[in-house]
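Spelled out, the chains give:
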Amino acid sequence: EILECQFPDNPILKLSVECSGGTYIRSLARDLGHALQSEACLTGLRRTKACHFDIAQSFTLEYLMMQKDISPYLHSCEEAMSFFPSIYSINIPCLP
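Residues numbered from 1 in each chain as written. Predicted model: local features only at pLDDT ≥ 70, side-chain atom pairs only at ≥ 80, totals over all residues. Heavy atoms only, no water.

Q: Could you clarify how one ought to interpret the overall build of the chain in this entry?
A: The helix and strand inventory of the chain stands at three helices and four strands. Listing each helix as α and each strand as β along the chain from the N terminus yields β-β-α-β-β-α-α. Here the chain holds 96 residues, and 2% of them are scored as buried. Restricting to contacts in the chain with at least 6 residues of sequence separation, those with at least 24 account for 16%. In the form shown here, the chain has an accessible surface area of approximately 9300 Å², with 58% of it arising from carbon and sulfur atoms. (Helix = DSSP H or I, 4+ residues; strand = E, 2+ residues; numbered from the N terminus. Buried < 20%, exposed > 50% of the residue type's maximum accessible area, 1.4 Å probe, protein only. Contact = heavy atoms within 4.5 Å. Areas by Shrake-Rupley, 256 points an atom, 1.4 Å probe, with all protein chains shown as cover.)

Set out below in structure tokens:
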């Protein structure tokens, strides 16, 4: 989605990109620059969602530093890693 485009007065293009993991946004900016026959560069990048975490659920460091107890704001390792597939270890005795 194009959020802001001020061509040709001000050569700035602001985009919102929804993509899968492994997408290289800096490469996308470079490729767009080449397609527009310019030497584009990325001046800012803000990740608003990763896996099942969303920026709407986030808090600033300043806000957390003002709290007496930040534990209600923290996620467990299990919750943070819940989107990864499970791996199980099975012990199988070796034959002599």
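Q: Teacher, can you tell me more about the packing of aromatic side chains here?
A: Remark: the centre distance and the inter-plane angle together describe each pair of aromatic rings, the angle taken between the planes. Going through the model one piece at a time under the given rule, you end up with three aromatic pairs. Both rings, one in F59 and one in Y73, keep their centres 4.7 Å apart while their planes meet at 75°; by these two values the pair is edge-to-face. In this pair, F59 is assigned in the loop between strand 4 (53-54) and helix 2 (61-65) and Y73 in the loop between helix 2 and helix 3 (77-80), connecting sequence segments 14 residues apart. Residue class for F59 comes out partly exposed when judged on its relative accessible area of 43%. The exposure class of Y73 is partly exposed, given its relative accessible area of 25%. Consider the rings of Y63 and Y73, whose centres lie 5.7 Å apart with planes at 90°: the pair is edge-to-face. Residue Y63 is found in helix 2, and its partner Y73 is found in the loop between helix 2 and helix 3; the two are separated by 10 residues along the sequence. An aromatic cluster is present here, built from F59, Y63 and Y73 joined pairwise through their rings. (Phe/Tyr/Trp six-rings, centres within 6.5 Å; stacked < 30°, edge-to-face > 60°.)

Q: Would you take a moment to explain the pattern of salt bridges for this structure?
A: Applying the stated rule across the entire model yields one salt bridge. Two residues, R30 and D31, come together in a salt bridge whose shortest N-O distance is 3.0 Å. Judged by relative accessible area, D31 falls into the partly exposed class, the value being 40%. (Salt bridge = Lys/Arg side-chain N within 4 Å of Asp/Glu carboxyl O.)

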